[in-house]
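# Secondary and tertiary structure notes
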Amino acid sequence: MFTKILIANRGEVALRIIRACKELGIRTVAVYSQPDINSLHVKYADEAICIGSAASANSYLNIPSIISAAEITDVEAIHPGYGFLAEDAHFAEICESCKITFIGPTPDNIRRMGDKMAAKDTARKAGVPIIPGSKAVVKTKEEALKIAKEMKYPIIVKAASGGGGKGMRICHNDVRLISALLTAQREAEAAFGNPDVYIEKYIERPRHIEIQILGDKHGHIIHLGERDCTIQRRHQKLIEETPSPALDSKTRKKMGEAAIKCARAIGYVNAGTIEFLLDEDGSFYFMEMNTRIQVEHPVTEAVTGIDLVKEQIKIASGEKISHKQDDIEFRGNAIECRINAEDPDNDFMPSPGRITAFQTPGGRGVRLDTHAYTGYEISPYYDSMIGKLIVHGKSRNEAIAICKRALDEFVVEPIKTTIPFHKKVMNNTAFVRGRFSTDFVERMFETAK
Ligand code: MV4
């Protein structure tokens, strides 16, 4: 096992990783940007090194600075968290060449899933259903029109290097398709440096359901059930839960097996997530794979009792996964609410600033992962998530009840947060019934107007 790890991240996830290290008896090194000097990850780590100025490109994305910090402090491994360098195959490769273990998948794993069309092809060859669409990159409007004719509208144009909704265009007719092709290509070039796009049949009102995977260096792969991440706004997840209220046990079993097939097809190592779209008829399709620990991992931890970050570290150090698929038990329901410094009454506009009152919820069934505290200043430089409230109950209704009272206890002043939004959702009939799709948030704000 490692004796010292560097955490190449900030915020709540840096704390999450430091906590796992402490429990494993591993010393920690934090890295931070100049404005993050008063951050908790700097205080909680055994050592801390400043790696640059506020802009991420100068600090949390600055590979030479991070590698230098790792060499100066003589760590054996780097945990990238999520975001920043977590899915950068080049960074994972540099770590390897410097004899530092990257706590995550192999560079090859990251590359093979980073190309969205290649990932779909891997899933298809593994016998996993994929969304019907173009078999290759679509370059010309003639090709696009031909595919649209075969598939029938609506269709969606997606960036080959995309993910997270960038460079996506939904089209209902030929005229729109021709202009969407050009704008999607331009947007993809600007965002990813690659103009390649492809086309898929558009699935209306789907649910986003993902499967948590763990793979070790000895070829063992298990899944830890699903997370329903359907409640999103502009491709930012706001609420995640497990189990999904939309899955029956037969579909759940098939989706778990499909995810394992995808992971096995590329010899996947460490924690990863396979995303699926579930359509209104109950059919599911592979969408993409995230080759990192995700923000919403605690709901899986709540129902399985497995510490995913400790598992990541153990796997990276060469240990075998200590859990067998059939021994994993799923207990009750867990829901995560993302607490962002944003104003839900003003188009979720960022609301940075100093927190003068921070009263946190607690009690049975409540977990709060946050790096915020009274006196902490939310910086405008980084993402607006200031914490995650995770609740766990014996049933979905109990989880909702715990969530409501925990949100009532939660005070954050004077900045605006998503707490009032979550209170509304927990009282929304469609949400409580578990009957919602990806347009839930939009519709909620439509009816409020
Ligand atoms: C889709 C889709 C419908 N049909 N693909 C959104 C982000 C990116 N990962 C893919 N996304 C979608 N792809 C087809 N063929 C609908 C979405 C989508 C979506 C997916 C999951 C959760 C929220 C969403 C919101 C809008 C669109």
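Scoring rules and cut-offs
Residues numbered from 1 in each chain as written. Predicted model: local features only at pLDDT ≥ 70, side-chain atom pairs only at ≥ 80, totals over all residues. Heavy atoms only, no water. Helix = DSSP H or I, 4+ residues; strand = E, 2+ residues; numbered from the N terminus. Rg over C-alpha atoms; globule rule 2.2 N^0.38 Å. Buried < 20%, exposed > 50% of the residue type's maximum accessible area, 1.4 Å probe, protein only. Near = heavy atom within 4 Å. Polar contact = N/O pair within 3.5 Å; in protein donor to acceptor, adjacent residues only side chain to side chain. Areas by Shrake-Rupley, 256 points an atom, 1.4 Å probe, with all protein chains shown as cover. Nonpolar A, V, L, I, M, F, W, Y, C, P; charged D, E, K, R; others polar. Domains from an automatic or database assignment. Contact = heavy atoms within 4.5 Å. Pairing = 2+ DSSP bridges. Axes fitted to C-alpha atoms, helices over the stretch in contact; angles between N-to-C directions. Core = buried A, V, L, I, M, F, W, Y, C linked by side-chain atoms within 4.5 Å. Parallel < 35°, antiparallel > 145°, perpendicular 65-115°, else oblique.

If you tally the helices and strands in the protein, you get 15 helices and 22 strands. For the protein, the C-alpha radius of gyration of 22 Å lies close to 22 Å, the compact-globule estimate for 449 residues. Viewed in the frame of its principal axes, the protein has a C-alpha envelope of about 60 × 50 × 45 Å. Burial analysis of the protein (449 residues in total) assigns 56% to the buried set.

With that settled, the discussion passes to the site of the ligand. Near the ligand, the surroundings consist of 17 residues, among which Lys 158, Glu 200, Lys 201, Ile 203 and Thr 438 are the closest. Contact between the ligand and Lys 158: a nitrogen atom at 2.9 Å from a side-chain N or O atom of the residue. Here a nitrogen atom of the ligand and a backbone polar atom of Ile 203 are 2.8 Å apart. Its free accessible area being 530 Å², the ligand has 91% of it covered by the protein chains. Of all the secondary structure elements, the ones that give two or more residues to the shell around the ligand are β6 (155-159), β8 (197-201) and β13 (284-290). Here the residues of the shell around the ligand sort into 7 nonpolar, 6 polar and 4 charged. The residue makeup of the shell around the ligand includes at least three contributed by each of domain 2 (132-201) and domain 3 (207-448).

Here we come to the environment of Ile 266. As for its placement among the helices and strands, Ile 266 is situated in the loop between α9 (249-265) and β12 (270-278). Counting along the chain gives 157 residues from Ile 266 to Asn 109, while the straight-line C-alpha distance between them is 6.5 Å. Excluding residues that lie within four positions of it along the chain, Ile 266 makes contacts with Asn 109, Arg 112, Met 113 and Thr 122.

What holds strands together in a sheet is hydrogen bonding between their backbones, with the strands either parallel or antiparallel. Within the open sheet, the 8 strands sit side by side as β13-β12-β9-β10-β11-β14-β21-β19. Their pairing is antiparallel. Because the sheet does not close on itself, it has two edges, and the strands there are β13 and β19 (366-370). Each strand axis lies, on average, 25° off the axis of its neighbour in the sheet, ignoring direction. Here strand β9 (residues 207-215) pairs with β12 via 9 bridges, running antiparallel. Across the sheet, residue Gly 215 finds its bridge partner in β12, namely Asn 270. On the sheet, helix α1 (residues 11-24) packs against β19 and β21 (385-393) and is oriented at approximately 115° with respect to β19.

Core analysis: the biggest nonpolar cluster contains 36 residues, and Ile 231, Ile 239, Leu 389, Phe 421, Met 426 and Phe 431 have the highest contact counts within it. The biggest single contributor to this core is helix α12 (residues 396-409), with 6 residues. Look past the residues within four positions of Phe 431 in its chain and what remains in contact with it is Ile 231, Ile 239, Glu 241, Arg 396, Ile 400, Val 425, Met 426, Phe 436 and Phe 440.

Right, let's get into the domain arrangement of the protein. Where interface size is given, it is often the accessible area lost as the parts come together that is meant. According to the domain assignment, the protein contains domain 1 (4-103), domain 2 (132-201) and domain 3 (207-448). Each of domain 1 and domain 2 has a C-alpha centre, and these two points are 37 Å apart.

Here is the key point about a regular strand: its side chains alternate between the two faces of the sheet. Burial within strand β14 (residues 333-340) is extensive, with 8 of its 8 residues counted as buried. Burial along β14 is two-sided: the residues Asn 333, Ile 335, Cys 337 and Ile 339 and Ala 334, Glu 336, Arg 338 and Asn 340 are all buried. In this structure, strand β11 (residues 236-242) lies alongside β14, joined through 4 bridges in antiparallel fashion. Looking across to β14, one finds that Thr 242 is bridged to Ala 334. For β14 and β21, the ladder comprises 8 bridges, and the chain directions are antiparallel. The residue bridging Ile 339 from the neighbouring strand is Gly 387, located in β21.

A few words now on the packing of helix α4 (residues 89-97) against helix α5 (residues 107-114). Contact pair α4 / α5: the axes reach a minimum separation of 8 Å and the direction vectors enclose 170°. With respect to α5, the element α4 is oriented roughly antiparallel. Between α4 and α5, the contacting residues are Ala 89, His 90, Ala 92, Glu 93 and Glu 96 on the first element and Pro 107, Ile 110 and Arg 111 on the second. When the residues that make up the contact of α4 with α5 are grouped by side-chain class, the tally is 4 nonpolar, 1 polar and 3 charged.

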